[in-house]
Structure formats: structure tokens, C-alpha cells
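# Observations on the model geometry
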Amino acid sequence: MIFCQLACLDSISILQYILGVEINMNYLPLFLNLQNKQIVIIGGGQVAERRLIRLLPFKENITIVSPALDKSLRQLIELHNVYWLQTTCQQEHFKKADLIVIATNDPITNQYVLENAPTSAWINAAHQAEAGNIHFPITIQKGKLQIAISTGGASPILAKKLKKSLEAELPDQYEQYIDFLFEARQLIKQLNISVATRKQLLHEIVEKPIYSKKDQQVWFEKLKKTNVMHD
Ligand SMILES: C[C@@]1(CC(=O)O)c2cc3[nH]c(cc4nc(cc5[nH]c(cc(n2)[C@H]1CCC(=O)O)[C@@](C)(CC(=O)O)[C@@H]5CCC(=O)O)C(CC(=O)O)=C4CCC(=O)O)c(CCC(=O)O)c3CC(=O)O
Ligand SMILES: NC(=O)C1=CN([C@@H]2O[C@H](COP(=O)(O)OP(=O)(O)OC[C@H]3O[C@@H](n4cnc5c(N)ncnc54)[C@H](O)[C@@H]3O)[C@@H](O)[C@H]2O)C=CC1
């Protein structure tokens, strides 16, 4: 009987039927500043630890709720002074949260949080991605450069593989080079030059990358000496 009903549906509808949740495949990639946002991580295992590592820049606003913590997570929270509520999760723990990470191994708790979370909260549901409204992408970071990869839950293993191959392609000096691009752009923006020259300079430093610190210094000197300021 079930197969008879499923045969008439497309693959997303079949998944919705099986999981019992509405699947919306529209996700917008964004880079968030979570300063002053309340973050609650529920659970104290490996997944909670992975999320905490990503959320550490906002550690002052994080509460971890879990009756127990894995050893490595315990060390991490001690090192960074992250607030830990040693208890099983109740609604009062997340009723004011802006971002909730559900990372327990208890299906009843996971469902309870989903049903009682504030409607305005962003939810990452580690047990069932579609039940939440944000996914954590895998990221590559080289200084100011951040690349986020997501397969939309299709295969975290593929995302990991892509990360490795992309990382291998980035030159070692990239972090330093991107700092150079940043400084060069700030300087170029201040120069009293035509829009066309500004554009040309900005393109030039990308098309002909200057990786060595010494050459970058020479480039800065040249830029200051040439009369472009009075273009
Ligand atoms: C949707 C997403 C949502 C989110 O959680 O934000 C999600 C969801 C789920 N993952 C599951 C399982 C696994 N996840 C990993 C690994 C990683 N998972 C990550 C991200 C994401 N995982 C988000 C989408 C990213 C994307 O699609 O590209 C990485 C990239 C980043 C990170 O987690 O930090 C991290 C890299 C590891 C690293 O860097 O070390 C492994 C492999 C491993 O551990 O090595 C397995 C086992 C193999 C397998 O099952 O495929 C399950 C089933 C859980 C269950 O069976 O109960 C769900 C739930 C579901 O699919 O509904
Ligand atoms: N998104 C992802 O990348 C992945 C997601 N998962 C899913 O994430 C969940 C967690 O995975 P792990 O961290 O490996 O599990 P784990 O078993 O290592 O940790 C579970 C934690 O939840 C805590 N917990 C249990 N009941 C609780 C309650 N009522 N309130 C608060 N905390 C409670 C436990 O104390 C424990 O610290 C699993 O359900 C699994 O399905 C698993 C692997 C990858």
C-alpha cells in the first residue's frame, strides 16, 4: 500500500513522506557575525564539539547543555571558559536562544527541542538536517579567505574530499598574499585616481599575483612613487 502511494511521488516528496518533515532545499550561504546572539549547544559528544570549535569566535555567548561531556570537549570548554550547564535539556535553557544546535543522541530530546524552540531561532539539527533551518558547511580558511562547501546533506564525506582537493590547490603563501590584497585595496581606495586606473590596479594584483613579501613591498613603494596620486 505504501509503495503504491510512493510510486506516484517525486524523490523529495518520498523523502518528506519517510522523514515526516517538510523539506525545503533552499539554503542561502551567508557569513554570520553572531556577536551578542545567544547560542545554545545541546549535547556533549563529538558533534557538539565540532560545532563548538566552529562557534568559538563567539564563545562568550555560548551555553552547552548536557549531563555529560566527552573528555576532549571538557578540555576545550575549560580552556576557553565556555559556560556548561550539567543537566538534561529543558525548555528554559533555550527559550531565549537565537541559535540552537541539537546534538544529543536521544531522539526524544531532539524532538522536544524542535517542538519547543522559539520560532525565531536558527536551528541546526545534527540528527536530521532537514528538521532544522541551518546547515554547517565544511570550510577552508586561509587568513581572510573563507571557502564554505555544502552538499546540502547529500554527502558530508564528499564535502570533506572536496575540501582536501581545494586545499591542495591553494599556494602556501595564500594567507599572506590575501593580507597583501587587503592592504593594497585599502591603499588604492584612498588614492586620488580615476575609477579606470583604480580598477586596473585592482585587477592587476589578482591577474599577476605577487607572493613574495619583498616584491609586495616593492609594489607598494612603486605605487606611492608613481604619480598616480595626481592622475
Ligand atoms: C547537513 C549537515 C548538517 C549539519 O549538521 O550542519 C550534516 C548532516 C549529517 N551528517 C551526518 C553524518 C556524518 N557527518 C559526517 C561529517 C561531517 N558532517 C558535516 C556537515 C554536515 N553534516 C552538514 C552538511 C554538509 C554537507 O552536506 O556538505 C561536516 C562536513 C562538518 C561538520 O559536521 O562540522 C563533517 C565533516 C567531518 C570533519 O570535518 O571531520 C560524517 C563523516 C565523518 O564523521 O567523518 C558522517 C557519517 C557518514 C554519513 O552519514 O554520511 C548525518 C547522519 C547522522 C546519523 O546517522 O544519525 C547527518 C544528518 C542528516 O543527514 O540528516
Ligand atoms: N551532523 C553531523 O555531522 C553528524 C550528526 N550525527 C548525529 O548527531 C547526534 C550526536 O552525535 P554524537 O555527538 O556523535 O553523539 P554522542 O553519543 O557522542 O553524544 C551525545 C551527547 O548527548 C548528550 N545528551 C543525551 N541526552 C541529553 C539530554 N536530554 N540533554 C542534553 N544532552 C543530552 C549526552 O550526554 C552526550 O554528551 C547523533 O544523534 C547523530 O545522529 C552523527 C554524526 C555526524
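Here's a quick rundown of the structure. (Residues numbered from 1 in each chain as written. Chains lettered and ligands numbered in written order. Predicted model: local features only at pLDDT ≥ 70, side-chain atom pairs only at ≥ 80, totals over all residues. Heavy atoms only, no water.)

Among the surface-exposed residues, Leu28, Leu30 and Leu32 lie close enough to one another that they form a single nonpolar patch of about 350 Å² accessible area. Structurally, Leu32 can be placed in the loop between α2 (11-19) and β1 (39-42). Note on Leu32: relative accessible area 52%, which makes it exposed. (Patch = residues over 30% accessible without salt bridge, like charges linked within 9 Å, V, L, I, M, F, W, Y side chains within 5 Å. Areas by Shrake-Rupley, 256 points an atom, 1.4 Å probe, with all protein chains shown as cover. Salt bridge = Lys/Arg side-chain N within 4 Å of Asp/Glu carboxyl O. Helix = DSSP H or I, 4+ residues; strand = E, 2+ residues; numbered from the N terminus. Buried < 20%, exposed > 50% of the residue type's maximum accessible area, 1.4 Å probe, protein only.)

Position of Ile64 among the secondary structure elements: in strand β2 (residues 62-65). Linking Ile64 and Ile77, residues 13 residues apart in sequence, is a C-alpha distance of 9.1 Å. Those residues in contact with Ile64, other than ones at most four positions away along the chain, are Ile41, Gly43, Leu52, Leu69, Leu73, Ile77, Val82, Tyr83, Trp84 and Leu85. (Contact = heavy atoms within 4.5 Å.)

Turning our attention to the site of ligand 2. Residues in contact with ligand 2 amount to 21 residues; listed here are only the nearest, Gly44, Val47, Arg50, Cys89 and Thr109. For ligand 2, an oxygen atom lies 3.3 Å from a polar atom in the backbone of Ala68. A total of 860 Å² of accessible area belongs to ligand 2 in isolation, and the protein chains cover 69% of it. The element best represented in the shell around ligand 2 is helix α3 (residues 46-55), accounting for 4 residues. (Near = heavy atom within 4 Å. Polar contact = N/O pair within 3.5 Å; in protein donor to acceptor, adjacent residues only side chain to side chain.)

The subject of this paragraph is the sheet that holds β1. Taken in spatial order, the 5 strands line up as β3-β2-β1-β4-β5 in an open sheet, and their pairing is parallel. Each having just a single partner strand, β3 (83-85) and β5 (122-125) make up the two edges of the open sheet. Here the strands of the sheet are splayed against their neighbours by 15° on average, with no regard to which way each runs. Both β1 and strand β4 (residues 99-102) contribute to a ladder of 4 bridges, which runs parallel. Within β4, the residue paired with Ile42 across the bridge is Ile102. The strands that helix α6 (residues 107-116) touches are β1, β4 and β5; relative to β4, the one it contacts most, it runs at about 160°. (Pairing = 2+ DSSP bridges. Axes fitted to C-alpha atoms, helices over the stretch in contact; angles between N-to-C directions.)

What follows concerns the site of ligand 1. Neighbouring ligand 1 are 20 residues; Arg51, Ala129, Phe136, Thr151 and Gly153 lie closest to it. A distance of 2.5 Å separates an oxygen atom of ligand 1 from a polar atom in the side chain of Arg51. Contacts to ligand 1 include Phe136, whose backbone N or O atom sits 2.7 Å from an oxygen atom. For ligand 1, whose free accessible area comes to 1100 Å², the fraction covered by protein is 66%. The pocket occupied by ligand 1, as judged from atoms lying within 2 Å of grid points, is the second largest pocket. Residue assignment for the shell around ligand 1 shows that the elements contributing at least two residues are α3 and α7 (156-169). Here the shell around ligand 1 gets 4 residues from one element, more than from any other, and that element is α7. In terms of residue class, the shell around ligand 1 is made up of 8 nonpolar, 8 polar and 4 charged. Counting contributing residues per domain, the shell around ligand 1 is built from domain 1 (34-136) and domain 2 (137-170), each supplying no fewer than three. (1 Å grid on protein atoms, 1.4 Å probe; cavity = no way out; pocket = protein on both sides within 12 Å on 5 of 7 lines; lining within 4 Å. Sits in = over half its atoms within 2 Å of the grid points. Nonpolar A, V, L, I, M, F, W, Y, C, P; charged D, E, K, R; others polar. Domains from an automatic or database assignment.)

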